[in-house]
Amino acid sequence: MEDSSDDRALASGSFAKEEFGMARDAFQLARGAATAYEQQKVVAIFRPLAEATLAVVGISDEDVVLDVACGTGIVSRVLHQHSPKAAITGLDLNEGMIATARAVTSQQPDAYRWEVGDVTSMPFADGAFTVAICQQGLQFFPDEASAMNEIRRVLRPGGRFILTVWAEPPRFFIALAEAIGRHVSSQDATRSLAPFTYPGLDAIPALLRSSGFAEVRSSDLTIDRVIRDPETSIPLEIKGNPVGPAVTARGEGVMADIVSDVLSSCRDLVHGSDLISPQTARLFTAIAV
Ligand SMILES: C[S@@+](CC[C@H](N)C(=O)[O-])C[C@H]1O[C@@H](n2cnc3c(N)ncnc32)[C@H](O)[C@@H]1O
């Protein structure tokens, strides 16, 4: 790929950040993207990751929990199944994500509090929570240090912060990026990998310590991303990705070519009617001091 300044910005994840930020001003577009996100990505990976994370971190009914950058609220929903009495608040910048979170939990309006807001300036009192959990949000924050300081502020001393960030691009997304590079552009190819190539991954423990956290621990969690009926699901995967609008704009023929290329590169990952691609997240835990 050419080494343009755009490519470098994309590799740093800043275009993915910009995409989520822009969604705030484009409610209808955001709502469509949030629906695709809920139907495809939550089912394929974010619910399994939430289940795997909550199985190892142990949150109790007594906890007061903040789900930071909650998206459509999957961590909150899985947590409610595990600990039905825990008080749960979800906050996300994107109005479309929060609208979807509200819609999918409308049968249990008292179980959750949903807030539209920015992680760097949250509408909560100091020490309001015993646990803050952030699943795959850090990559998109414009100022990670401000975000960590703010999360520290809303945790009471001794409270826990639980954070997951993808550790490397999974096979499926490498194949997808290669196909997007062939049929759309090298910039969009790089952009599609931004959530998996967070350049600050190794610096997260130091960032946590300098933001007032101690007992920082990390481990890796590998989850199977299960893409059911890939011919139907891969276009939804693409539409829920920051490059969705760029790919969709090229028309159905390009979408079909991308799906065909990905299926051909990932033949060995197809099991029956599912495509299964392992995906590794780094799990960080830390205590607020
Ligand atoms: C990959 S999604 C993860 C969503 C959710 N945690 C999940 O597991 O499904 C990243 C989320 O970060 C949110 N986000 C990005 N920047 C944010 C900010 N500054 N403050 C709060 N949320 C933000 C986006 O709106 C998006 O919903």
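Residues numbered from 1 in each chain as written. Predicted model: local features only at pLDDT ≥ 70, side-chain atom pairs only at ≥ 80, totals over all residues. Heavy atoms only, no water.

The name that an unreviewed UniProt entry assigns to the protein chain is Methyltransferase type 11 domain-containing protein, with the source organism given as Acuticoccus sediminis.

### As for the overall build of the protein chain
Just so we agree on the cut-off: A run of H or I in DSSP becomes a helix once it reaches four residues, and a run of E becomes a strand once it reaches two; helices and strands are each numbered from the N terminus. Only heavy atoms enter the contact rule, under which two residues are in contact if any of them lie within 4.5 Å. Per-residue and other accessible areas follow the Shrake-Rupley method at a 1.4 Å probe size, with only the shown protein chains counted as cover for residues.
Scanning the protein chain from terminus to terminus reveals 12 helices and 8 strands. A separation threshold of at least 6 residues defines the contact pool for the protein chain, and within that pool the share at least 24 residues apart is 82%. Per element, the accessible surface of the protein chain, about 12,100 Å² overall, is 51% carbon and sulfur.

### Topic: the pairing of strand β1 (residues 64–68)
Consecutive side chains of a regular strand alternate in pointing toward one face of the sheet and then the other. The line we're drawing: To sort residues, take the accessible area from a 1.4 Å probe on protein chains only and compare it with the maximum for the residue type: under 20% means buried, over 50% means exposed, and anything in between is partly exposed. A pair of strands is labelled paired if DSSP reports no fewer than 2 bridges between them. If you view a crossover with the strands going away from you and the path from the first strand over the helix to the second runs clockwise, you call it right-handed.
Of all 5 residues in β1, 4 are buried, a share of seventy percent or more. In terms of strand pairing, β1 meets strand β2 (residues 87–92) through 5 bridges, oriented parallel. Residue pairing across strands places Val 68 opposite Leu 91, the latter belonging to β2. Of the crossover connections in this fold, the one passing from β1 over helix α4 (residues 74–82) to the parallel β2 is right-handed.

### Comments concerning the site of the ligand
Inclusion rule: In these notes, residues near a molecule or strand are those with any non-hydrogen atom within 4 Å of it. Think of a polar contact as two N or O atoms within 3.5 Å of one another; within protein, one of them needs to be a possible hydrogen donor and the other a possible acceptor, and neighboring residues in sequence only count if both atoms come from side chains.
Close to the ligand lie 19 residues; Tyr 37, Ala 69, Asp 92, Val 119 and Gln 135 are nearest. In this structure, an oxygen atom belonging to the ligand sits 2.6 Å away from a side-chain N or O atom of Tyr 37. Asp 92 is positioned such that a nitrogen or oxygen atom in its side chain is 2.6 Å from an oxygen atom of the ligand. Coverage of the ligand by the protein chains reaches 98% of its 600 Å² of free accessible surface.

### Digging into the nonpolar core
What counts, and what does not: What makes a nonpolar core is a set of buried Ala, Val, Leu, Ile, Met, Phe, Trp, Tyr and Cys residues whose side-chain atoms join them at distances within 4.5 Å.
One finds Ile 258 and Val 262 to be the most contacted residues of the largest nonpolar core, which totals 57 residues. Once residues lying within four places of it in the same chain are set aside, the contact partners of Ile 258 are Leu 176, Ala 179, Ile 180, His 183, Val 184, Ile 238 and Val 247. In terms of nonpolar packing, the next biggest core, distinct from the first, is built from 30 residues, Leu 66, Phe 141, Val 165 and Leu 207 among them.

### A few points about the packing of helix α10 (residues 230–239) against helix α12 (residues 252–265)
For any two helices packed against each other, the geometry comes down to the angle between their axes and how far apart the axes lie. For clarity, the threshold we go by: All axes are obtained by fitting lines to C-alpha atoms, using only the stretch in contact for helices, and the reported angles, taken between N-to-C directions, cover 0 to 180 degrees. When describing relative orientation, an angle under 35 degrees is termed roughly parallel and one over 145 degrees roughly antiparallel, while 65 to 115 degrees is termed roughly perpendicular and anything else oblique. Crossing handedness is defined as follows: a turn of the near helix away from the far one that is anticlockwise and smaller than a right angle gives a left-handed crossing, while the clockwise case is right-handed. Ten residues, namely Ala, Val, Leu, Ile, Met, Phe, Trp, Tyr, Cys and Pro, are considered nonpolar, four, namely Asp, Glu, Lys and Arg, are considered charged, and the remaining ones, Gly among them, are considered polar.
Relative orientation of the contacting elements α10 and α12 amounts to 115°, with a least axis distance of 10 Å. Of the possible angle classes, the one that applies to α10 and α12 is roughly perpendicular. Relative to α12, α10 is oriented so that their crossing is right-handed. Contact with α10, carried on its side by Pro 230, Glu 231, Ile 234, Pro 235, Ile 238 and Lys 239, involves Met 255, Ile 258, Val 259, Val 262 and Leu 263 of α12 and no other residues of that element. When grouped by side-chain class, the residues that make up the contact of α10 with α12 number 9 nonpolar, no polar and 2 charged.

### Quick word on the packing of aromatic side chains
Aromatic ring pairs are defined here through the distance separating the ring centres and the angle between the ring planes. Threshold: Side-chain rings of Phe, Tyr and Trp, where Trp is taken by its six-membered ring, are said to pair if the distance between their centres is within 6.5 Å; with planes under 30 degrees apart they count as stacked, over 60 as edge-to-face, and otherwise as tilted.
Applying the stated rule across the entire model yields 8 aromatic pairs. Centre to centre, the rings of Phe 124 and Phe 129 are 5.1 Å apart; their planes meet at 85°, and the pair counts as edge-to-face. Assessed through its relative accessible area of 7%, Phe 124 is described here as buried. Linked through ring pairs, Tyr 37, Phe 46, Trp 166, Phe 172, Phe 173 and Phe 196 together constitute an aromatic cluster.

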